[in-house]
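What follows is each chain in one-letter form.
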Amino acid sequence: MSIELDQVTKRYQAVPVVNDVSIEVAEGEFLVLLGPSGSGKSTLLRAIAGLTEIDRGRVSLHGRDVTHVSAREREVGFVFQHYALFRHMTIGENIEFALRVRHAKAAERRARRQELLRLVALEGMDHRLPAQLSGGQQQRIAVARALAHRPKVLLMDEPFGALDAKIREELRRTIRQIQRELGISTILVTHDQEEAFALADRIGVMHQGRLLECGKPDDLYTRPATRFVSTFLGAANLLLGYRSKDGIRFAPPGNPAPAAASPVHEIVTVLRPEEVELASERKGLKSTFVGHARVEEVLFGGAVERLRVRMQDRGTVASAVKGAAASADGTLLEVTRTLPEKRQLPVTPGQRVALGARRIHVLPTPVSSFSAVATTEDDCARIAGSPLLQALSTRMLTRINHRIEPAIVQPPNGKPARALAPLGVAAVESGPGGAARVEWLLRHGATQVLCLDPERPVPARVVIHAVSDAALRPTMAVASSLLRNLPAEAAFLDIQPQELPEDERATQLRHLLDARSEAAAVHGLDVRTELRFGDSATELSKELAAEDTALLIVGLPLAPAADAWQRLRPIAKLLDARGGGPVLIVRAAT
Amino acid sequence: MSRFRQPSILPGFGLTLGFTTFFLSAIVLIPLAALIIKGSSPSLAALKDILLDPRAIASYRLSFGAALLAAVVNAIFGFIVAWTLVRYEFPGRRLVDALIDLPFALPTAVSGIALTAVFAPNGWLGEKLASVGVQVAYTWVGVVVALILIGLPFVVRSVQPALIEVQRDLEDAAETLGASPWQIFRRIIMPAVLPALLTGFTLAFARGIGEYGSVVFISGNLPMKTEITPLLIVIKLEQFDYQAAAALGLAMLVMSFVMLFAINLVQAWGRRRHVAAGR
């Protein structure tokens, strides 16, 4: 491996700006780190170059651990957004700088300078000063200068950011060509997805300090794993769907469910604008029917036509998940059509059309939607307005449903009613009666219950714990999904009985590490792991007692509801406590 | 005149040039001319006696030597102070920043008296220095100390903006290219800051040559030893020897002008290179 990062974390004033990032870049590979501004991508690049020290983790270049090696001994080439040419030196002196500080002979310097100027197609510019060159030329010189000492790794921080579109494209081609020619492992940071697609062998998408996904451009586009990547790389409509053994439907299941119905899971689907089919009525569709909609806006965009349509009959169509686009009068969807499609069915604003989905992609995320559950509408609104739920729903582009459930306060001895707990994450208030509310939800089939105090701030830390080995994987999946959207650091806590024999301790530790590497491989998430011995309630309270708010994620096995509740008993007092941190209970349903 | 006219945001080339000429004449040229006329009125032989008097020569040496030494010290330490203020964030930074200007505002006599009190053999620091055999007050060292105090703000205030302008990117770039901290300092930071440093040095030096108030208290004013030229001029004036005073003043003027002009030439040469580099 040419570049290897292992669990790199960098904090500024206790806030992680790069959070547990691990990447490997192969010899000669071109990796593009893509992310919005503030996602930590530039900080990560500087950490690789040694310009920024990291707080945790390891950086290796060509098998050599350089975590504590200074930038000047790392032998990397770095290209800055604003060129950073030495203005008091000529172009020639700039390019020769790396050789001059290494006391190379004049003849050797001159030869290398000529070679590099030829490479960037700027021969004969040796005696100019940087200010006499255009922006594009200056950046070429910056690239040549960065290559002078024959680094094995080239790092570029938004190198086209300060250039206009045409020069940008030209320089992009030059850089790709040089990179191929030299076979140098390269990481380029950008916020421009077009640039990423044009240059990358592999794209890594960063968001809030985390590397969410890393893969080939077309894989990331067609099979994203996260909401963020699906909406950041190209446009996407996110729709809630309902999967049963009959297939995927967009209409929500009835409540209470018909007795014979098979269990339904709520899923999040990605519908790309170009995969939406329009027809004047349902019969005319060649693909799966999604719903009826009214055309709101038609924009001609050259090769394609862009439409915004609103699905209005909410009873029969998909629930919206895409944040702002969801409102009381329906869901806005984006549609793009090619010109032949447009000619077949010209549409005008106000027209009613039927929507079909040619291809949908189901996100592997285990967290679909949130429902605030309480006895009154006011309480629902209070729970929905809690900082944690607001943060999660905004970042996960999902909506918080309100569910008024008078029965939730009743003692749990009665026979469970036919009413089903909401799909997705059911949120209830902690404090007195909190445990009873959680119990009600679990007994009525809830698989994910969040018990929180609406007044508490967004947690800065996440503690993950599974009460049994079987619960480990689904718990990790849910935790990964949440952690991609929370700028919090996570720790996985495994608690074993004090009297566990020595050899079983080792087995347990191996289990734990396996689970961690699986979480990293499957969900792209690295968490810190810790193995403790003692009583789980005591150890968890100890871990949560710190002054900051921590979110506790508890995994339960997929057992009959009553049994699940028994496993939760020891920590019930955490749910009844007023003002404690939030607790998310996950039942292992996959 | 119209061929010199260039577009500018200040209106009226004629008006502004006229004002500049008038201002320079009234404030600088006419008094200096008077000095030259008065100073060169005695016969050449008398002039030679006044200017080459051993006491006068000793005073030139002290005035120019101490001013030069103080300016060199200030250039080094002022640079460090400016560096600290620009590059580091520490509690009380703004306070230190404000303190730098204090020597500008303080009447020079006040700083002189304060320095004397501290460095006198029975003063705070003077006592401790005396115990290791160093005497500051009433020696040439005291003169240098006073001039350092007076000149420091000139260097700091000149260098500060130039240091702020050095982009961190440039240092990072040099570091990734393999430059050592010393190489970064010498090849990247110094070339960018040197013109400003030279300006600060010149200002501190010029100020040191002419300084009077703060020096007379700490120097002890021993003829041939710790007597500066401005003081000698005042002594001549007190003896109503106006011609000698004017002659000495003229000598100072000529020497200062030659030195400042030389520094300016060096600076102009440096600036040309810098401007050509696109600043």
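Because the structure is predicted, anything quoted here is derived from the model rather than measured.

**Quick look at the overall build of chain B**
Item 1. Counting its regular elements, chain B contains 13 helices and zero strands.
Item 2. Taken from N to C terminus, the helices and strands of chain B fall in the order α-α-α-α-α-α-α-α-α-α-α-α-α.
Item 3. Expressed as a percentage of contacts within chain B between residues at least 6 apart in sequence, the contacts between residues at least 24 apart total 77%.

**Some thoughts on the overall build of chain A**
Item 1. When you go through chain A residue by residue, the secondary structure sums to 17 helices and 29 strands.
Item 2. By sequence separation, contacts in chain A at least 24 residues apart represent 72% of the contacts at least 6 residues apart.

**Structural notes on the nonpolar core**
Item 1. Counting residues in each nonpolar core, the largest one holds 214 residues, and the members touching the most others are Leu 155, Ala 427, Leu 441, Val 449, Val 462 and Ile 553 of chain A.
Item 2. Of the residues forming this core, the biggest block, 13 residues, is contributed by helix H8 (residues 140-165) of chain B.
Item 3. Beyond its immediate stretch of four places on either side in the chain, Ile 553 of chain A contacts Val 462, Ile 464, Thr 475, Val 478, Ala 479, Leu 584 and Val 586 of chain A.
Item 4. Within the second largest apolar cluster, ten residues are counted, among which are Ile 50, Ile 233, Ala 245 and Ala 247 of chain B.

**A closer look at the interface of chain A and chain B**
Item 1. The partner chain B presents 21 residues to the 20 residues of chain A that form the contact.
Item 2. When residues of the side of chain A that touches chain B are traced back to their parent elements, those giving at least two are strand E6 (76-79) and helix H2 (91-100) of chain A.
Item 3. For the side of chain A that touches chain B, the class distribution of residues is 14 nonpolar, three polar and three charged.

**Observations concerning helix H10 (residues 377-384) of chain A**
Residue and element names in this part refer to chain A.
Item 1. Burial in H10 covers these residues: Cys 380, Ile 383 and Ala 384. Looking straight down H10, one finds that the buried residues subtend no more than 100° of arc, so they occupy a single side.
Item 2. Elements in contact with the buried residues of H10: strand E21 (370-374), helix H11 (387-395), strand E22 (400-404) and strand E23 (425-429).

**Quick notes on the sheet that holds strand E7 (residues 153-157) of chain A**
Residues and elements named next belong to chain A.
Item 1. Here six strands make up an open sheet; going across it, the order is E6-E7-E8-E3-E9-E10 and the pairing mixed. Both outer strands of the open sheet, E6 and strand E10 (210-215), are each paired with one neighbouring strand and no more. Adjacent strand axes in the sheet meet at a mean angle of 15° when their direction is disregarded.
Item 2. Pairing analysis gives five bridges linking strand E3 (residues 30-34) to strand E8 (residues 185-190), with the strands arranged parallel. For Leu 33, the partnering residue across the bridge sits in E8 and is Val 189.

**As for the environment of Arg 207 of chain B**
Residue and element names in this part refer to chain B.
Item 1. With respect to the helices and strands, the residue Arg 207 is situated in helix H10 (residues 181-210).
Item 2. Among the residues examined, Arg 207 registers 20 C-beta atoms within 10 Å and is labelled buried.
Item 3. Sequence-distant contacts of Arg 207, defined by excluding residues within four places in its chain, comprise Ile 150, Gly 151 and Phe 154.

**Description of helix H1 (residues 13-39) of chain B**
All names here are of chain B.
Item 1. Over its 27 residues, H1 extends 36 Å from the first C-alpha to the last, a length consistent with the 39 Å expected when each residue adds 1.5 Å.
Item 2. The axis of H1 is deflected most strongly, by about 50°, at Ser 25.
Item 3. Across the 27 residues of H1, one count as buried, placing the element largely on the outside.

**Notes on the sheet that holds strand E24 (residues 448-452) of chain A**
Residues and elements named next belong to chain A.
Item 1. As summarised here, the arrangement of the nine strands in space is E22-E21-E23-E24-E29-E28-E25-E26-E27, forming an open sheet in which the pairing is mixed. The strands lining the two open edges of the sheet, one partner per strand, are E22 and strand E27 (528-533). Strand-to-strand, the axes of this sheet are offset by a mean angle of 25°, without reference to chain direction.
Item 2. Strand direction decides the pairing type here: E24 and strand E29 (residues 583-587), joined by four bridges, are antiparallel. Note that in E29 the partner of Leu 450 across the bridge is Leu 584.

**Overview of the environment of Asp 49 of chain B**
Item 1. Take Asp 49 of chain B: it is sitting in helix H2 (residues 44-51).
Item 2. For the pair Asp 49 of chain B and Ala 244 of chain B, spaced 195 residues apart in sequence, the C-alpha to C-alpha distance is 9.5 Å.

**Remarks on the confidence of the model for chain A**
Predicted coordinates in areas of low pLDDT are best not read in detail.
Item 1. Within chain A, residue pLDDT values average 84, and 91% of them lie at 70 or more.
Item 2. In the predicted structure, residues 313-327 of chain A sits below a pLDDT of 50 and forms 41 contacts with residues beyond four places in sequence or in another chain.

What counts, and at which threshold
- Residues numbered from 1 in each chain as written.
- Chains lettered and ligands numbered in written order.
- Predicted model: local features only at pLDDT ≥ 70, side-chain atom pairs only at ≥ 80, totals over all residues.
- Helix = DSSP H or I, 4+ residues; strand = E, 2+ residues; numbered from the N terminus.
- Contact = placed C-beta atoms within 7 Å.
- Core = buried A, V, L, I, M, F, W, Y, C linked by C-beta atoms within 7 Å.
- Buried ≥ 20, exposed ≤ 12 C-beta atoms within 10 Å, placed from the backbone.
- Nonpolar A, V, L, I, M, F, W, Y, C, P; charged D, E, K, R; others polar.
- Arc of directions from axis to C-beta.
- Pairing = 2+ DSSP bridges.
- Axes fitted to C-alpha atoms, helices over the stretch in contact; angles between N-to-C directions.
- Expected span 1.5 Å × (residues − 1).
- Bend = angle between axes of the 7 residues up to and from the residue.
- pLDDT = per-residue confidence, 0-100.

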